[in-house]
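Descriptive analysis of the structure
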Amino acid sequence: DEQGLLDSEDRWKPILDMIPEPKIKVYLDQRWKERSSNTAEKIADIKKEIRKDINSNKFSKVRTTFEEIIFSHLYPRLDVNVSKGMNHLLKSPWSVHPKTGRVCVPIDPDTCEDFDPFEVPTVEDLMNDINNYECKGKDSKDEKPIQDWQKTRMAPYLEFFKGSFLQPL
């Protein structure tokens, strides 16, 4: 009801056009023009008329019509390119997005609401982190050397990955 799927004639016509039985289309269109009803009532009308046709006609053309309407108007639509293109599929941790250069990082499901994808480091950020670390001379001969990933903003993601995914194995 809140989305107003069937609020006006210009909104209900495309849905009625999906019904292959002309008498149902004509009946519902006329009924809705004559009587004010909300979307929920109109959906109930569609179901009722489809059931009546199925029950009275063993060769009914409307057997799957209601489901087709639901799938075409209410379920999220999939983008073909996103569904089949390797660059659009879910990324493995540490892979790099080809356009943004951002590194795919694991996130904690318990705090996913706080995750900001624009804070994820890019390859350039990581290179700068390493260069800046070394320019500041933090790798002295007296200290135990650390790995490059520990010098970057990638460190918290790697620590999370190790603690959440690798150690439990």
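In case you missed it, the structure is sitting above this.
Here's a quick rundown of the structure. (Residues numbered from 1 in each chain as written. Predicted model: local features only at pLDDT ≥ 70, side-chain atom pairs only at ≥ 80, totals over all residues. Heavy atoms only, no water.)

Some thoughts on the side chain of Glu49
In this fold, Glu49 is placed in helix α3 (residues 39-56). Reaching out from Glu49, the side chain makes a polar contact with the side chain of Lys52 at a distance of 3.3 Å. Excluding its chain neighbours within four sequence positions, the residues that come into contact with Glu49 are Ile24, Tyr27 and Leu28. (Helix = DSSP H or I, 4+ residues; strand = E, 2+ residues; numbered from the N terminus. Polar contact = N/O pair within 3.5 Å; in protein donor to acceptor, adjacent residues only side chain to side chain. Contact = heavy atoms within 4.5 Å.)

Overview of the packing of aromatic side chains
All chains considered together, the criterion is met by four aromatic pairs. Centre to centre, the rings of Trp12 and Trp32 are 5.5 Å apart; their planes meet at 70°, and the pair counts as edge-to-face. Pair noted here: Trp12 is in helix α1 (residues 9-16) and Trp32 is in helix α2 (residues 22-34), with a separation of 20 residues, a long-range link. By relative accessible area, which is 5% here, Trp12 ends up buried. Judged by relative accessible area, which is 3%, Trp32 ranks as buried. (Phe/Tyr/Trp six-rings, centres within 6.5 Å; stacked < 30°, edge-to-face > 60°. Buried < 20%, exposed > 50% of the residue type's maximum accessible area, 1.4 Å probe, protein only.)

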